[in-house]
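Residue-level structure breakdown
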Amino acid sequence: MQIAVIGSGTMGNGIAHVFAQHGFAVSLIDVNQPALDRGLATITKNLDRQLAKGTLAETDKAATLGRLRTFTALAEGVAGADLVVEAATENEALKLQIFRELDQHAPASAILASNTSSISITKIAAATQRPAQVIGMHFMNPVPVMQLVEVIRGYATSDDTTRRVMELARQLGKTPTEVNDYPGFVANRILMPMINEAIISLFEGVAGVEEIDTVMKLGMAHPMGPLQLADFIGLDVCLAILRVLHEGLGQPKYAPCPLLVNMVQAGRLGVKSGEGFYQYTPGSKELVVAPNRRFNGFN
C-alpha cells in the first residue's frame with residue numbers, strides 16, 4: 001500500500017515515520033528540498049532515539065528510511081497513492097487549496113485524509129469531487145510516541161472510508177477513536193479551553209507560570225502543565241484552534257485570552273521560537289531552561 005504525506009514539519013515527518021516503520025512505502029511531499037531534508041533529519045534522529053532505548057533494531061532503522069521517498073511536486077508525489085495524509089500548516093485556505101489539487105492528481109480510488117486539529121472535514125471534503133473519501137486522521141504529537149488517532153467523519157464520509165482508516169491506524173499500533181465533525185472535534189474542544197483558562201489565570205495574576213503548571217501536574221496527574229504544553233503545541237496553533245472554536249460554536253468561553261493574542265503577535269510562539277511561557281535552549285524542544293520571567297503571574 002502506498003502512502004503520501006503532505007508536509008514534512010513536526011506532524012508530517014512523524015506521520016511519515018510511523019507509516020514507514022510499519023512497512024508502508026511513503027512519499028513525503030513539501031514545497032522545497034531543504035524542508036524535506038529537515039524532515040528526514042528529524043525522522044533519523046527519532047529512529048536513533050528508538051535505537052538507544054532498545055525499541056528498534058539497526059536493520060529496522062535502515063528499512064524504515066529505505067521506504068521513504070521525497071518529492072517537491074505534489075502531482076508526482078501522490079501518483080499511485082492509496083492514502084494521502086495532509087499535514088500542512090493549520091490554515092484553512094491552504095488546506096482547501098491542497099485538497100483541490102489532491103482531487104485532481106491523486107488516483108480516483110485514493111482516500112484523502114487531513115491531520116487538521118480543528119478545521120471542518122466537511123468543508124475540506126466539499127472542495128473535492130470525492131467527499132465520501134475524505135476523512136480526518138488527527139494524530140497526536142509526538143506521533144511516534146502517542147497512541148491516539150482521532151478519526152473524524154465529515155458529513156459525507158462513507159462507512160467504508162472510515163473502516164479502512166480505522167484499520168490502517170491499528171496497523172500502526174495506534175488506537176483510533178471515531179468522532180463526528182464539529183469544531184475542535186473532541187481532543188481540542190476539551191484541551192484548548194483548559195489551556196486558555198490557564199493563560200487567563202496567568203493574565204489575571206492568579207498565579208505564575210510554574211505555579212499553574214505545578215498545580216495541574218501534581219493535582220490533576222497531567223504529565224505536562226498546560227502552559228508548557230501550549231509552548232510545545234505552538235502558541236500560534238493554540239490561537240488558531242481557539243478562533244475556530246469561537247467562530248464555529250459562537251460561545252464567549254472559547255474567546256482567546258488577550259495575552260495569548262499578544263504573544264503570538266510578538267512572535268513568542270513557544271518551543272519553535274525559543275520563547276513562550278518558558279525559555280528554551282536554541283535548537284531544542286526538550287530542555288526547558290526556566291520559566292519566562294516576563295510574566296511573574298502579574299500581567
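In this text the structure is predicted, and so the values were computed from the model without any measurement.

For the rest of this paragraph, the subject is the layout of surface pockets. Here the second largest pocket is characterised by a volume of approximately 330 Å³. Around the second largest pocket, the lining comprises 16 residues; the ones closest to its centre are Glu92, Ser118, Ile119, Val244 and Glu247. Of all the elements, helix 11 (residues 235-249) adds the most residues to the lining of the second largest pocket, at seven residues. Of the residues assigned to the lining of the second largest pocket, the class counts are seven nonpolar, three polar and six charged.

On to the UniProt feature "domain: 3-hydroxyacyl-CoA dehydrogenase C-terminal" (unreviewed entry) in the protein. UniProt tags residues 184-280 as "domain: 3-hydroxyacyl-CoA dehydrogenase C-terminal" (unreviewed entry). Counting secondary structure, residues 184-280 comes out at 62% helix and 3% strand; the distance between its end C-alpha atoms is 28 Å.

It is worth spelling out the environment of threonine 122 at this point. Mapping threonine 122 onto the fold places it in helix 6 (residues 121-126). In sequence terms threonine 122 and tyrosine 182 are 60 residues apart; their C-alpha atoms lie 9.2 Å from each other. In this structure threonine 122 touches Gly154, Tyr155 and Asp181, once residues within four positions along its chain are discounted. At 2.7 Å, the side chain of threonine 122 and the side chain of aspartate 181 are in polar contact.

Next up on the list: the UniProt feature "site: Important for catalytic activity" (unreviewed entry) in the protein. Taking the UniProt record as the reference, the feature "site: Important for catalytic activity" (unreviewed entry) is found at His138. As for its position among the elements, histidine 138 is in strand 6 (residues 134-139). Look past the residues within four positions of histidine 138 in its chain and what remains in contact with it is Ser114, Asn115, Thr116, Ser117, Leu148, Val149, Glu150, Ile152 and Asn188. Engagement of the side chain of histidine 138 in a polar contact is seen with the side chain of glutamate 150, the distance being 2.8 Å.

Rules used throughout
Residues numbered from 1 in each chain as written. Predicted model: local features only at pLDDT ≥ 70, side-chain atom pairs only at ≥ 80, totals over all residues. Heavy atoms only, no water. 1 Å grid on protein atoms, 1.4 Å probe; cavity = no way out; pocket = protein on both sides within 12 Å on 5 of 7 lines; lining within 4 Å. Points joined across faces, edges and corners; volume = space filled by probe spheres on them. Helix = DSSP H or I, 4+ residues; strand = E, 2+ residues; numbered from the N terminus. Nonpolar A, V, L, I, M, F, W, Y, C, P; charged D, E, K, R; others polar. UniProt positions renumbered as here; feature names shortened; annotations may be inferred. Contact = heavy atoms within 4.5 Å. Polar contact = N/O pair within 3.5 Å; in protein donor to acceptor, adjacent residues only side chain to side chain.

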